[in-house]
Amino acid sequence: MANDKLKSSDEPSLMWGGRFSRGQNSVMEAINASVDFDKRMYAQDIRASQVHARMLGAQGIIKSEDANAIVDGLNLVKKEIEKGDFSLSSALEDIHMNVEARLAELIGEPAGRLHTGRSRNDQVATDFKLWVRDALDALDENMRELQCALIDVAEVHAESVMPGFTHMQSAQPVTLGHHMLAYTEMIGRDRGRAMDCRKRLNENPLGAAALAGTSFPIDRDMTTKELDFDRPAVNSMDAVSDRDFALEFLSFGAILSTHLSRLAEEYVIWCSQQFAYVALGDAFSTGSSIMPQKRNPDAAELIRAKAGRVIGALNGLLIVMKGLPMTYGKDMQEDKEPVFEVFDTLKLSLLAMTGILGDSTFNIERMATDAGRGFATATDLADWLVRSLAMPFREAHKVTGGLVKMAEEKNCGLENLSLEEMQTVEAGITDDIYSVLSVDNALASRKSYGGAAPHNVSQAVKDARLRFL
Ligand code: ARG
């Protein structure tokens, strides 16, 4: 083992070893290599290289036969990778050099012309942007599917009454549909953030070369167009040192996973025997190896926990980037693992949350009973005093407080107080007050735009389908 650590290979790198006479220490190779993870960008790397080669050919920087040989050779490399025939070497450091080395084995001399007017610095920035762009598009679809599941529940339960909470205390009645549409909005903003990130990242770094541009007459507009970027990055130094797009991806991810963790947490609470608002089906719950009665919401707990990883990844990359001088530093190779990990985590969490929603049975009787508890219509009583007796709201709040206290002492609901009892607190109260004390009436009256009235919720479900799906 000790010897192993000191061992160096005898030959310097084929790719950049011109000024070296010996190979690398194996520990150096281990710390330097990124191919174990950046192999995930193979398709983006090959695509960008093909575009670069075609541009070099079109500009007469390399012969068009060579450009064609490179493009065809890269197709073969891609096939080999996809078939699993390709053995990646950490001595070749990263996916970029592995692909180029294999291309050289396949097509010989023209392969050596591919890297003309390009550096791995603009190459890696380009590949990584293409990867993040694909990741955002894939996640957008997963987020859309989650919204679809939320809206489906909202449609079925547009009128299912449940308590709405503030401070985890019963506050005012709402419907389960309204609750689900709240999450639909959150995920809608997450999709918006993902698309903002996509828009901002969509500038082409290719052609910035190492950091200062190139003396070759390259055509950056051509590569921009062929790689579906909106425009070439304006400043070559910024182009190779910018990792904002990775940070924005992780920021979007941190907020999304925070949203998912909130819904997951509600599920954990709702699944408890104490709440029993929802029963998870067999497909999305687990049993206990010792307590046969248990049905645990493990998937929800894990979604809740995975937000930790995602937030950690964002913090990690912010700390890597903080204080880095212009332009590229090898530190930046640490940008990929957090992004890949966050992509996998978000995808899995979104799929699991979508699955949970589809596998849930809501106990609407239980929720409705709870909605009537805790003087949930006290605000409606106060509003009645304002409307019917022209009382200032602050005064109405005080009077209502007195009535709640009376009901509490009598251990009954507000609607169970007699008119005479109520009139001892406020003489002007009439029979009409009972019309607002029922949960259903209270709920139906919340017709203000964005409010919880079932009629609003049914309309909001329709709107949400048009806006999001
Ligand atoms: N593997 C490197 C990365 O992921 C590629 C860029 C290397 N550039 C360099 N100048 N050494 O960042």
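Scroll up to find the structure this text is about.
This text gives an overview of the structure that appears in the document. Because the structure is a prediction, the values reported are computed rather than measured.

Scanning the protein chain from N- to C-terminus turns up 20 helices and six strands. In terms of overall size, the protein chain is more extended than a compact globule, its C-alpha atoms giving a radius of gyration of 31 Å where 469 residues would be expected to give roughly 23 Å. Seen along its three principal axes, the alpha-carbon backbone of the protein chain occupies a region of about 100 × 55 × 40 Å. Per-residue burial for the protein chain yields a buried fraction of 48% across its 469 residues. Considering only intrachain contacts with a sequence separation of at least 6, the fraction spanning at least 24 residues in the protein chain is 73%. Carbon and sulfur atoms make up 53% of the accessible area of the protein chain, which amounts to about 22,800 Å² in all. Taking the 51 positively charged and 68 negatively charged side chains of the protein chain as two groups, their mean positions are separated by 2 Å.

What follows concerns the site of the ligand. In the neighbourhood of the ligand, the contacting residues comprise S34, D94, R120, N121, V124, Y328, Q333 and K336. The side chain of K336 places a nitrogen or oxygen atom 2.8 Å from an oxygen atom of the ligand. Ranked by residues supplied to the shell around the ligand, first place goes to helix α7 (residues 120-156) with three residues.

Attention now goes to the packing of helix α4 (residues 42-58) against helix α5 (residues 64-83). Where α4 meets α5, the axes come as close as 8 Å, and the angle between the chain directions of the two elements is 170°. As summarised for this structure, α4 and α5 are arranged roughly antiparallel, according to the angle between their axes. Contact residues: Y42, A43, I46, S49, Q50, A53, R54 and G57 in α4; A67, I70, V71, L74, N75, V77, K78, I81 and E82 in α5. Classifying every residue of the contact of α4 with α5 by side-chain character gives ten nonpolar, four polar and three charged.

Take unusual backbone geometry next. For the peptide bond that leads from M326 to T327, omega is -5°, which places it in the cis range. If you trace the backbone, T327 turns up in the loop between α12 (298-321) and α13 (336-358). Backbone geometry at A390 places phi at a positive 55°, although glycine is not the residue there. Positionally, A390 belongs in the loop between α15 (378-389) and α16 (393-410).

Here we take up helix α11 (residues 244-271). Across its 28 residues, α11 extends 40 Å between first and last C-alpha, which sits within 8% of the 40 Å expected from 1.5 Å per residue. Of all the 28 residues making up α11, 20 are buried; the element is thus mostly covered by neighbouring parts of the structure.

To continue, consider the packing of aromatic side chains. Taken as a whole, this structure holds twelve aromatic pairs when the rule is applied. Ring plane angle 70° and centroid distance 5.5 Å describe the contact between F128 and F245, whose orientation is recorded as edge-to-face. Here F128 is found in helix α7, whereas its partner F245 is found in helix α11, with 117 residues between them in sequence. Per residue, the accessibility class of F128 equals that of F245, and both read buried. Relative to F362, the ring of W270 lies with its centre 6.5 Å away and its plane at 75°, an arrangement referred to as edge-to-face. With a gap of 92 residues between them, W270 in helix α11 and F362 in strand β6 (residues 360-362) connect regions that are remote in the sequence. The buried category is assigned to W270, whose relative accessible area is 1%. The exposure class assigned to F362 is buried, which follows from its relative accessible area of 11%. Among the aromatic residues, those joined into a ring-pair cluster are F165, Y267, W270, F275, Y277 and F362.

Scanning the entire structure with this criterion turns up 30 salt bridges. The salt bridge involving D190 is made with R193; its shortest N-O contact spans 3.2 Å. Remark: R193 and D190 occur in helix α8 (residues 176-201); sequence separation between them is three residues, near one turn of the helix. A relative accessible area of 0% means that D190 is categorised as buried. Exposure remark for R193: the relative accessible area of 27% places this residue in the partly exposed category. Here K336 makes a salt bridge to D335, at a shortest N to O gap of 2.8 Å. What makes D335 buried here is its relative accessible area of 0%. Counted as one network, the salt bridges with shared partners bring together E93, D94, R120 and K330.

If you trace the backbone, D45 turns up in helix α4. An unpaired buried charge is present at D45: no salt bridge exists, and R118, the closest side chain of opposite charge, is 5.6 Å distant. Ignoring sequence-local partners within four residues, the contact set of D45 consists of I95, H96, V99, Q123 and D127.

A word on a nonpolar patch on the surface. A contiguous nonpolar surface patch, about 280 Å² in accessible area, is contributed by L211, M237 and M326. Within the secondary structure, M326 is located in the loop between α12 and α13.

Calculation notes
- Residues numbered from 1 in each chain as written.
- Predicted model: local features only at pLDDT ≥ 70, side-chain atom pairs only at ≥ 80, totals over all residues.
- Heavy atoms only, no water.
- Helix = DSSP H or I, 4+ residues; strand = E, 2+ residues; numbered from the N terminus.
- Rg over C-alpha atoms; globule rule 2.2 N^0.38 Å.
- Buried < 20%, exposed > 50% of the residue type's maximum accessible area, 1.4 Å probe, protein only.
- Contact = heavy atoms within 4.5 Å.
- Areas by Shrake-Rupley, 256 points an atom, 1.4 Å probe, with all protein chains shown as cover.
- Lys, Arg positive; Asp, Glu negative; His and termini not counted.
- Charge placed at Lys NZ, Arg CZ, Asp CG, Glu CD.
- Near = heavy atom within 4 Å.
- Polar contact = N/O pair within 3.5 Å; in protein donor to acceptor, adjacent residues only side chain to side chain.
- Axes fitted to C-alpha atoms, helices over the stretch in contact; angles between N-to-C directions.
- Parallel < 35°, antiparallel > 145°, perpendicular 65-115°, else oblique.
- Nonpolar A, V, L, I, M, F, W, Y, C, P; charged D, E, K, R; others polar.
- Expected span 1.5 Å × (residues − 1).
- Phe/Tyr/Trp six-rings, centres within 6.5 Å; stacked < 30°, edge-to-face > 60°.
- Salt bridge = Lys/Arg side-chain N within 4 Å of Asp/Glu carboxyl O.
- Patch = residues over 30% accessible without salt bridge, like charges linked within 9 Å, V, L, I, M, F, W, Y side chains within 5 Å.

Limitation: the analysis is restricted to geometry and does not speak to function.
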